[in-house]
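Remarks on the overall topology
These are the residues of each chain, in order.
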Amino acid sequence: MRLRFGALALVPTLFLGVFFLWPLAALINRALHDTAGAPLGETLTRTHAWSLLGFTLGQAAASTLLTVIVAAPIIWLVARIDFAGSRLLMVIVTVPFVLPTVVVGVAFRTVFDGPLKFLGVTSGLYPILAAHIFLNVAVVVRVVAAAWQGIDGRAAEAARTLGAAPWRAFHTVTLPRLLPALAGSAALVFLFCSTSFGVIIILGNGELQTLETEIYTRAIGYFQISDAVVLSMLQIVVVLAALGLVRLCGAGGSGAADGAMAAQRAGRRRRAVGLVRVAVGAVCAWTVLWLVAPLVVLALWSVRPQAGGPWTLAGYRSLVTPINGVTPLETLGYSTFSAAVAATVALLIGMLGALVISRGGRIAGGVGNFVSTLPLGISAVTLGFGYLIVLAALPRDVRTSPLIIPAVQSLIAIPVVIRILVPALDAIPLRARQAAATLGASPVRVWTTIEMPMVGRSLGAAAGFAFVMALGEFGATGFLALPDTTTLPVLIGSALNKPGSDQVATAMACSMLLVVATTVAVLVIELVGRPSGRLAGRSAEPRR
């Protein structure tokens, strides 16, 4: 048995070693070489590292707090109210989270250049905070609503029976049990915002920089490799600290719900009647304001790229016009190919990793769980920079291979695939596997006949999320893209950096292509990833 799981662990370990640890080791080696003999403090001062760190952490903290505030009423609606549009609501909540960050940056650029132009703030901190709220509401809603649905409702009912007002019963009984889940989701949002790249690049307008964007600017814009390496090392420390916070809060949050039996005792969600129906309408309007309106504005601007200008389809016609010898539609074709390859690789490696974590015992599972989180601990820009250093020493055929970008994209998706598959594997009854083995079935046959059908929906959902994440990856791909391996997010960022309304129209049209592709993928995930026999009201339970 140990040899079997050792063989399973070999493939993902080799993959992570070659495609993750090697670029990271090259980056660290370059840092030690470039800073040899040079005072580290002098380099940090010259690069304004401490002010960059302060802004990075400050905007991440503010974004996290505001995200929790915006998500609060949506959490109540998802967790406690049974209404017909629950599945649609979860699609609306989920789509922003998996949208490419560069598209979100474009969307909020149109919002603050259009309907909110009277504020006089077209770029800067406030648009960045709004975009981060838009991106991360799904994280808080799914995690906290799931915890709330799993809490035993009898304690709150007892408090109400003893005369406590609804608010006091929630504040004294329910909220303390939700705090671990709330802290875990907030720590995760903080991690995402501290490594934000596309949003800062688009909405910072070159005036606001985080560690993430400054690494890219110094490495690609000015070719100041030594400075970029030092900032990358600082970024690694920050991200690992944030990841440790996520793990700490996550460990504390494991007991937020009262367990499987508590989920059965939690009480049914209330029907939307009377004043509750008014509250449901208000929360739905709140959700549309934050999560739908920006995309509607983006769609309008894609056919009217200038305020007060004529309505035009020039942006969509430009999709067949070559840019650097490649049309945007051809770029979309490569993006789709790259995302499909990345999703396939992520699914295969993630499935092997999930099997090791779920079936390998305490030691193998613990090691596998730790290794699978490593890609989350390094930002995409830092990883892309490491690839840039490694590829510079390799033959040209390797540097220009169209498979390099899918390999990087798969690293971003593998941890998500594992976290979707492990709970599904843990839910398979042990007796079913033992019975098949007793009847002479080999481990492969047990997997294909017993386990695979039971986790089929989770496999479909994992593949869908991996594809969408790869399709929108921008940070690492921005370092590695060549004219014939440019992805659509990189093309959008490039178009926005060029003058002229035609470039803006092209960026808007390309952004709408990605919005449509992402929305379709999320709809498929919602349909494939859920059992068909459940009621619509119950189908809003977040996936783990």
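Source: prediction; values computed, not measured. (Residues numbered from 1 in each chain as written. Predicted model: local features only at pLDDT ≥ 70, side-chain atom pairs only at ≥ 80, totals over all residues. Heavy atoms only, no water.)

1. Section: the overall build of the protein
Scanning the protein for helices and strands turns up 24 helices and 2 strands. Within the protein, buried positions represent 50% of all 544 residues. In the protein, 82% of the contacts between residues at least 6 apart in sequence involve partners at least 24 apart. Here the protein displays about 24,400 Å² of accessible surface, and carbon together with sulfur accounts for 68% of that area. (Helix = DSSP H or I, 4+ residues; strand = E, 2+ residues; numbered from the N terminus. Buried < 20%, exposed > 50% of the residue type's maximum accessible area, 1.4 Å probe, protein only. Contact = heavy atoms within 4.5 Å. Areas by Shrake-Rupley, 256 points an atom, 1.4 Å probe, with all protein chains shown as cover.)

2. Some remarks on the pattern of salt bridges
When the charged atoms of two side chains lie near each other, side chains of opposite charge can form a pair. Under the definition given, this model contains 3 salt bridges. Arg 46 is the salt-bridge partner of Asp 227, the closest N and O atoms lying 2.5 Å from each other. Here Asp 227 is found in helix 11 (residues 225–253), whereas its partner Arg 46 is found in helix 2 (residues 40–46), with 181 residues between them in sequence. For Arg 46, a relative accessible area of 42% translates into the label partly exposed. Notably, a salt bridge pairs Arg 218 with Asp 227, separated by 3.3 Å at the nearest N-O pair. Neither residue differs from the other here; Arg 218 and Asp 227 are each classed as buried. Among the charged side chains, a salt-bridge network with shared partners connects Arg 46, Glu 214, Arg 218 and Asp 227. (Salt bridge = Lys/Arg side-chain N within 4 Å of Asp/Glu carboxyl O.)

3. Things to note about empty space enclosed by the protein
Under the defined criterion, the tally for this structure stands at 1 cavity of 30 Å³ or more. When its volume is computed, the largest cavity comes out at roughly 30 Å³. Forming the walls of the largest cavity are Arg 399, Ser 401, Ile 404, Ile 405, Leu 480, Leu 482 and Thr 485. (1 Å grid on protein atoms, 1.4 Å probe; cavity = no way out; pocket = protein on both sides within 12 Å on 5 of 7 lines; lining within 4 Å. Points joined across faces, edges and corners; volume = space filled by probe spheres on them.)

4. Some remarks on helix 13 (residues 275–303)
When the terminal C-alpha atoms of helix 13 are compared, their 40 Å separation across 29 residues agrees well with the 42 Å that a helix rising 1.5 Å per residue should span. Inspection of helix 13 places Val 276, Val 280, Val 283, Thr 287, Leu 291, Pro 294, Leu 295, Val 297, Leu 298, Trp 301, Ser 302 and Val 303 among the buried residues, and these make up the whole buried set. (Expected span 1.5 Å × (residues − 1).)

5. A few points about the confidence of the model for the protein
As a general rule, the predicted coordinates of low-pLDDT regions are not to be interpreted in detail. In the predicted model, the protein carries a mean pLDDT of 81, and 86% of its residues have values of at least 70. Between the elements of the protein, mean pLDDT differs from a low of 44, seen in helix 12 (residues 260–265), to a high of 94, seen in helix 3 (residues 49–80). Confidence over residues 252–267 falls short of pLDDT 50; this stretch has 29 contacts with residues more than four positions distant or in other chains. In the predicted structure, residues 531–544 sits below a pLDDT of 50 and forms 33 contacts with residues beyond four places in sequence or in another chain. (pLDDT = per-residue confidence, 0-100.)

6. Here we look at a nonpolar patch on the surface
Taken together, Leu 65, Leu 66 and Ile 69 make up a surface patch of nonpolar side chains, about 270 Å² in accessible area. If you trace the backbone, Ile 69 turns up in helix 3. (Patch = residues over 30% accessible without salt bridge, like charges linked within 9 Å, V, L, I, M, F, W, Y side chains within 5 Å.)

7. A few points about the environment of Pro 375
Note that Pro 375 resides in the loop between helix 16 (361–373) and helix 17 (380–392). A C-alpha to C-alpha distance of 6.6 Å links Pro 375 and Ile 412, two positions 37 residues apart in sequence. Those residues in contact with Pro 375 that sit more than four places away from it in its chain are Leu 16, Phe 20, Leu 411 and Pro 415.

8. Things to note about the packing of aromatic side chains
We describe a pair of aromatic rings using the distance from one ring centre to the other and the angle between the two ring planes. This structure, assessed with the given rule, holds 9 aromatic pairs. Seen in terms of ring centroids, Phe 15 and Phe 19 are 4.8 Å apart; in terms of plane orientation they differ by 35 degrees. Their pairing is tilted. Within this pair, Phe 15 and its partner Phe 19 are both found in helix 1 (residues 2–34), separated by 4 residues, close to a single helical turn. Taking 6.0 Å as the distance between ring centres and 25 degrees as the angle between the ring planes, the aromatic pair formed by Phe 385 and Phe 479 counts as stacked. On the criterion of sequence distance, the pair formed by Phe 385 in helix 17 and Phe 479 in helix 22 (residues 477–480) is long-range, its members being 94 residues apart. (Phe/Tyr/Trp six-rings, centres within 6.5 Å; stacked < 30°, edge-to-face > 60°.)

9. Overview of the nonpolar core
Counting 153 residues, the largest nonpolar core has Phe 385 and Ile 492 as the members making the most contacts within it. At 15 residues, helix 6 (residues 125–149) tops the list of elements feeding residues into this core. The residues touching Phe 385, leaving out its near neighbours within four places in the chain, are Leu 27, Ile 215, Ala 219, Ile 225, Ala 228, Val 229, Ser 232 and Phe 479. (Core = buried A, V, L, I, M, F, W, Y, C linked by side-chain atoms within 4.5 Å.)

10. Looking at the packing of helix 15 (residues 328–359) against helix 19 (residues 404–426)
Axis separation between helix 15 and helix 19 bottoms out at 6 Å; the angle between their running directions is 40 degrees. Here helix 19 runs oblique to helix 15, going by the angle between their axes. As for the relative orientation of helix 15 and helix 19, their crossing is right-handed in sense. Considered class by class, the residues forming the contact of helix 15 with helix 19 number 21 nonpolar, 6 polar and 2 charged. (Axes fitted to C-alpha atoms, helices over the stretch in contact; angles between N-to-C directions. Parallel < 35°, antiparallel > 145°, perpendicular 65-115°, else oblique. Left-handed = near helix turned anticlockwise from the far one by under 90°. Nonpolar A, V, L, I, M, F, W, Y, C, P; charged D, E, K, R; others polar.)

11. Side note on the environment of Ala 463
Turning to its location among the elements, Ala 463 is positioned in helix 21 (residues 443–472). For Ala 463, a relative accessible area of 24% corresponds to the partly exposed category. Apart from the residues lying within four places of it in its own chain, the contact partners of Ala 463 are Ala 343 and Leu 347.

12. Notes on the packing of helix 19 against helix 21
Where helix 19 contacts helix 21, the axes come no closer than 9 Å and their chain directions differ by 145 degrees. For helix 19 against helix 21, the interelement crossing comes out right-handed. Within the contact between the two elements, helix 19 uses Gln 409, Ile 412, Ala 413, Val 416, Val 417, Ile 420, Leu 421, Ala 424 and Leu 425 and helix 21 uses Trp 447, Val 455, Ser 458, Leu 459, Ala 461, Ala 462, Phe 465, Ala 466, Met 469 and Ala 470. Partitioning the contact of helix 19 with helix 21 into residue classes produces 17 nonpolar, 2 polar and no charged.

13. Describing the side chain of Thr 477
Tracing the sequence through the fold places Thr 477 in helix 22. Excluding anything up to four places from it in sequence, Thr 477 contacts Ile 405, Gln 409, Thr 487 and Val 490.

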